[in-house]
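Next come the chains, spelled out residue by residue.
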Amino acid sequence: MSNGKLVTKARTDSVLSSVFQEDIAWTRLEPQSISGDPSPGLEARVFDPLWLLAMQWRLGEFEGEDAGSPLTVRVKGTAHTVVGWQPGDGTGPVAAALPLPPGQPLDPHIERETYDARALGVRQRAEAGADLVEQFRFAGVDPAGLVAACRFTDGGSVRSSLPPALRLAYDMMPDGLRAAEALEAAMPGRPDWLAGTPQDLQDAVAGWLQWFRNNIAPKVEPANDCWTPDRLEYRFSLEAGAPGQSSVLRAPLHAGGEIDWYSFDLDEAATLGSNPVGAQSDSSTFERKVFATSLRYAGMPSNRYWQCEDGGVNFGLVDAQTHDLARLCLTEFALVYGNDWLVVPVDTVPASLCKIDDVRFDDSFGVEHEVRPTDDAFRLFHLASPSGPVPALLTPPSALNILEGVALEEVRFVRDEVANLVWAIEAAVQAVSGDRQLRGSEPWTPVAPRPEGAAAELEYVFMSEVPPNWIPFVPVQDQKGAFYLRKGRLTEDEVNPAKGILISRTPYDIMDEEVPREGIRVVRVPSLARAADGSYLRWISRRVESGRGEAFSGLANDFVLKTKKAAE
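All figures in this text were calculated on a predicted structure; none of them were measured in a lab. (Residues numbered from 1 in each chain as written. Predicted model: local features only at pLDDT ≥ 70, side-chain atom pairs only at ≥ 80, totals over all residues. Heavy atoms only, no water.)

A. Inspection of the overall build of the chain at higher detail. The secondary structure content of the chain amounts to twelve helices and 23 strands. By the burial criterion, 33% of the 568 residues in the chain qualify as buried. By sequence separation, contacts in the chain at least 24 residues apart represent 68% of the contacts at least 6 residues apart. Per element, the accessible surface of the chain, about 35,600 Å² overall, is 55% carbon and sulfur. (Helix = DSSP H or I, 4+ residues; strand = E, 2+ residues; numbered from the N terminus. Buried < 20%, exposed > 50% of the residue type's maximum accessible area, 1.4 Å probe, protein only. Contact = heavy atoms within 4.5 Å. Areas by Shrake-Rupley, 256 points an atom, 1.4 Å probe, with all protein chains shown as cover.)

As structure tokens, this is what we get:
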């Protein structure tokens, strides 16, 4: 009891909470009215309704039709399954078409490099050999014969350049590449180190050989290589459909990565012949009946008068100039015509080319309407063809969620306007061990002027030095007057790589237009994906990206330097 008032615990807690609690700010939207009655504001009265009605009449808003709202939509179409592929886009030498097994993604076939035993690193070969040794030990067989017959024979210089741990594997483990070649050379028999072993071990070794050729050292014939060195891009073609109904899809420019519909052009008059006559039909018709759903997207204007739009998207803040027609058209569609569109979800057949043959819908009055294609030149998700856009949807058999490792090789093609050259800067290469090696960190000392004992005060320099990982590409003019870039060399002791982006071939040319002013970046990355049956797929792919601008090499010719004697 205090001053005649009862102080309770609840009152004490209330007072303490009001004293020690932080200030809380509340924000809300509420109508205010001078008269205290918000009803007139909610009615949204207008001063001259007759004028508004006259304007609606002038704009033709009273010319309505007795039409109902779409309820159900029926879609009929034809699905042509992708049955084969072919290297190249049909403009150069034509290779034989190859069938595409069902459930196999297209990416490894397109991006996988051709077979070259010299390009396989010691680490990959040693790890494959260690896995083969484990197969022997699991079967209870001594692998001494395997290790003795398949030792590494690369030489002492290769061994001395390896890290200590990899050097130990070089001495103790068999060479997986030599083991695979011995197995293939002895077929249909068995090599000496496998003869007389249990059948279970022989079956396991056969499975190991298949794994080795599919993942570590795949044998891809040069004719099946889709990489175009002079264009630094992939080129390939697909065939979809049964014989007599097939369509050819050309991919004339693919920079690596995800393979999607926009990489292809439709060539309906061509055929690859990957699906022989009499084979099982790969074309089927489908019919879908679904409910019509209104198109919805973030920031879409609301239909109701007093409903507020989502503030996360503000089309009023779109920064568009008067000449930016694409952005202005998209903004106008989003703000004005967005609620005039319906979405019809249709599940397509995987790895197929789907063509829509007929679209009809029933309205709320039970009347059936046919939806015809528009005559406008603009098409979305349509495939380009010589005769014009084709209303077809392609879902290519590409792999999903491809995992990529650290780039094994990185080459930056840059322009040097001062030297009038294009330089291929090897930022990283694949070393003999198979690991990534940074060339920018290699020790390099430019040639210094003549030492102190020089008699002359000036020294003539024919050409300055550049880092050894800067490889020049010289512009060469062809017979038609166009220019292309040819790989050169600055020193006589330069060694061409056995495998990689700057492949060892003579001459090595690149089209001049393939290296823009900002340059390009080409990398080789190891990729991993899963097939439809869950099996792993490994390959090395290439990616082409934009560069970071021009570069200055410091290359100069015919200049004079002061010697140390002149400086004194």
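B. Geometry of the side chain of serine 246. One can find serine 246 in the loop between strand E4 (233–240) and strand E5 (247–254). Overall, serine 246 belongs to the buried group, its relative accessible area being 15%. Excluding residues that lie within four positions of it along the chain, serine 246 makes contacts with Glu239, Ala240, Gly241, Glu268 and Thr271.

C. Representation of the nonpolar core. Grouped together as the largest cluster of nonpolar side chains are 36 residues, with contacts concentrated most on Phe236, Phe413 and Phe473. Element by element, the count of residues in this core is highest for E4, at four residues. What phenylalanine 413 contacts, discounting residues up to four positions off in sequence, is Leu232, Trp423, Ala424, Phe473, Ile501, Leu502, Ile510, Val515, Gly519, Ile520 and Val522. (Core = buried A, V, L, I, M, F, W, Y, C linked by side-chain atoms within 4.5 Å.)

D. Region of the structure containing the pattern of salt bridges. Counted under the stated rule, the structure contains 30 salt bridges. Aspartate 267 serves as the salt-bridge partner of arginine 250, at 3.7 Å between the closest nitrogen and oxygen. Here arginine 250, found in strand E5, pairs with aspartate 267, found in strand E6 (residues 265–267); they are 17 residues apart in sequence, far enough to count as distant. Judged by its relative accessible area of 15%, arginine 250 is buried. On the basis of relative accessibility, which here comes to 22%, the residue aspartate 267 falls in the partly exposed class. Residues participating in the shared-partner salt-bridge network are Arg74, Asp358, Arg360, Asp362, Glu368, Glu370 and Arg372. (Salt bridge = Lys/Arg side-chain N within 4 Å of Asp/Glu carboxyl O.)

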